[in-house]
Amino acid sequence: MRIAQVAPLYEAVPPAGYGGTERVVSYLTEELVRMGLEVTLFASGDSITAAELEPASPRAIRLAPEPLDPLVWHSLQLGKVARRVEEFDVLHFHTDFLHYPFSRQLGQRCLTTLHGRLDLPDLAPLYREFSDIPVISISNAQRAPLPWANWQATIYHGLPDDLFEPSFEPGSYLAFLGRLSPEKRPDWAIEIARRAGRDLRMAAKIDPADRAYYESTVASLLEQPHVEMVGEVGQAEKGPFLAGASALIFPVDWPEPFGLVMIEALACGTPVIAFRRGSIEEVIEDGVTGFVVDTLAQAVEAAGRIGEIDRRRCRREFTERFSARRMAAEYVALYERMIESSASGWVDERRGSYPASTPLAASDDRDRAPD
């Protein structure tokens, strides 16, 4: 089986520091290679992989010393894919929607995993036009804004089993890992730790788009004595950072599509305190691998009860539900179904492609967490 993995160019595969989508693409690509598949990775030129690397930009866009136009380089990437399209049985895109007109012409050989939020207004007309494009969700909750999309499956993210060394000893601080952005609510994390009387360590990056929010809302909060700003961490530092925490604070205030950091924490044996948004209840089992809360007060209470969570159970849940091996096996099963459908020549007249799995009903909107 010959597979093309087409990654975004904002970060290397895997990223040097922060990065979610490109990190998942890396885990999937390397696991597919270990399974014996022929894989070509279309990614930035500074990516590292056991697959064949087809560089689509000189380096990752975010860390390039000179400004790079994302649209230019992703268009060039699509051109590279188009020139080699006949070499592959399946083309698996992780690049949002730029390729949809192109992949529509190729039909059943193209698959797209959607990694981001889907509740943005402009996406509704886009996905009504391209309702025939086969897509994968990374949580069931992610599907809710676009129930008419051509959903093929929900496949949860996974990590290599040996990526992190777990710790089963009680941690000494609360941890925040992610972007300092409005939807990640670092201000809530700081306030939860303050009320709980706990130290908070924050491993975070600041995107240019979030600079104004950081300066107006977050910067002054970091001066509090219970807060330590660690900065952006790479893969080598992330494991010890999470394993040393008593809990990961994940106070998201948006429809979280998945939340990779939550399973990274579980892999380290670290429970998660998360707000009930988007995918949270699909990843964290309340009272088993952490606590799912609705208010700041509940989060503070959960921080005081975090010792009730069995860290060995957290690691076991990760191994059973969120391994890269499981993720890759589910994708391979889908690739095989695509290839069989393509070979049979059978067409779904309603969608113009092979049949989709039944979309889930849209879930009810949830209120913002009150104080």
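The structure we're discussing is the one just above.
Here's what I pulled together on the structure shown here. (Residues numbered from 1 in each chain as written. Predicted model: local features only at pLDDT ≥ 70, side-chain atom pairs only at ≥ 80, totals over all residues. Heavy atoms only, no water.)

Next up on the list: the pairing of strand β9 (residues 200-205). The element β9 is largely enclosed, with a buried count of 5 among its 6 residues. Where strand β8 (residues 174-179) meets β9, 6 bridges bridge the pair, whose relative direction is parallel. By the bridge assignment, Arg179 is partnered in β9 with Lys205. In this region the chain leaves β8, passes through helix α5 (residues 186-196) and returns to the parallel neighbour β9; the handedness of that crossover is right-handed. Pairing between β9 and strand β10 (residues 227-229): 3 bridges, direction parallel. Paired with Arg201 across the two strands is Glu228, which belongs to β10. What joins β9 to β10 is helix α6 (residues 211-218), and the crossover it makes is right-handed. (Buried < 20%, exposed > 50% of the residue type's maximum accessible area, 1.4 Å probe, protein only. Helix = DSSP H or I, 4+ residues; strand = E, 2+ residues; numbered from the N terminus. Pairing = 2+ DSSP bridges. Right-handed = clockwise from strand over helix to strand, strands pointing away.)

Spatial strand order, β10-β9-β8-β11-β12-β13: 6 strands in an open sheet with parallel pairing. At either end of the open sheet lies a strand with only one pairing partner, and these are β10 and β13 (290-293). Each strand of the sheet is rotated relative to its neighbour by a mean of 20°, with strand direction disregarded. Packed onto the sheet, helix α8 (residues 260-267) meets β8, β11 (247-250) and β12 (272-275) and runs at close to 170° relative to β11. (Axes fitted to C-alpha atoms, helices over the stretch in contact; angles between N-to-C directions. Contact = heavy atoms within 4.5 Å.)

The next point concerns the sheet that holds strand β1 (residues 2-6). One open sheet accounts for 7 strands, arranged β3-β2-β1-β4-β5-β6-β7; its pairing is parallel. Every interior strand has two partners, whereas the edge strands, β3 (52-57) and β7 (150-154), have only one. For this sheet, the mean inter-axis angle between neighbouring strands, taken without regard to orientation, is 25°. Relative to β7, strand β6 (residues 134-137) runs parallel, the two sharing 4 bridges. Residue Ser137 lies in a different strand from β7, and its bridge partner there is Thr154. Together, β1, β2 (38-44) and β4 (90-93) form the strand contacts of helix α1 (residues 21-34), whose direction differs from that of β2 by roughly 155°.

Scanning the model with the defined rule gives 31 salt bridges in all. For the salt bridge of Asp161 with Arg325, the shortest nitrogen-to-oxygen distance reads 3.0 Å. Taken together, the positions of Asp161 in the loop between β7 and β8 and Arg325 in helix α12 (residues 324-344) put the pair 164 residues apart, joining distant regions of the chain. Counted as one network, the salt bridges with shared partners bring together Glu11, Arg62, Lys205, Asp207 and Glu232. (Salt bridge = Lys/Arg side-chain N within 4 Å of Asp/Glu carboxyl O.)

With that settled, consider empty space enclosed by the protein. In this approach, a probe sized like a water molecule rolls over the atoms, and the result shows the empty space that is left. One pass over the structure, following the stated rule, counts 1 cavity of 30 Å³ or more. For the largest cavity, the calculated volume is near 30 Å³. Elements with a minimum of two residues in the lining of the largest cavity: β8 and β11. For the lining of the largest cavity, the element with the most residues is β8, which contributes 3 residues. For the lining of the largest cavity, the per-class residue count stands at 5 nonpolar, 1 polar and 1 charged. (1 Å grid on protein atoms, 1.4 Å probe; cavity = no way out; pocket = protein on both sides within 12 Å on 5 of 7 lines; lining within 4 Å. Points joined across faces, edges and corners; volume = space filled by probe spheres on them. Nonpolar A, V, L, I, M, F, W, Y, C, P; charged D, E, K, R; others polar.)

Turning to unusual backbone geometry, a few remarks are in order. When glycine is set aside, most residues are seen to have a negative phi, and most peptide bonds are trans. Pro14 follows Val13 through a cis peptide bond whose omega is 0°. Note on placement: Pro14 falls in the loop between β1 and α1. One non-glycine residue, Asp96, lies in positive phi territory at about 60°. Mapped onto the elements, Asp96 comes out in the loop between β4 and α3 (100-106). Located in the positive-phi region is Arg185, a residue other than glycine, with phi close to 50°. Positionally, Arg185 belongs in the loop between β8 and α5.

Side chains three or four residues apart in an α-helix point the same way, a direct result of the helix having 3.6 residues per turn. Buried within helix α7 (residues 235-243) we find Lys238, Gly239, Phe241, Leu242 and Ala243. Turning to α7, the residues buried within the fold contact α1, β8, β9, β11, α8 and α11 (311-321).

Let's shift gears to the packing of α8 against α11. Relative orientation of the contacting elements α8 and α11 amounts to 120°, with a least axis distance of 7 Å. The angle between α8 and α11 places the two elements in the oblique class. In this structure, α8 uses Ile263, Leu266 and Ala267 to contact α11, whose residues at the interface are Cys314, Arg315 and Phe318. Among the residues making up the contact of α8 with α11, the classes are represented as 5 nonpolar, no polar and 1 charged. (Parallel < 35°, antiparallel > 145°, perpendicular 65-115°, else oblique.)

Where α5 contacts helix α10 (residues 296-304), the two axes come as close as 9 Å, and the packing angle between them is 55°. As far as their axial angle goes, α10 and α5 are oblique. For the pair α5 and α10, the sense of crossing is right-handed. Two secondary-structure elements touch here, α5 through Trp188, Glu191, Ile192, Arg195 and Ala196 and α10 through Leu296, Ala297, Ala299, Val300 and Ala303. In the contact of α5 with α10, the residues fall into 8 nonpolar, no polar and 2 charged. (Left-handed = near helix turned anticlockwise from the far one by under 90°.)

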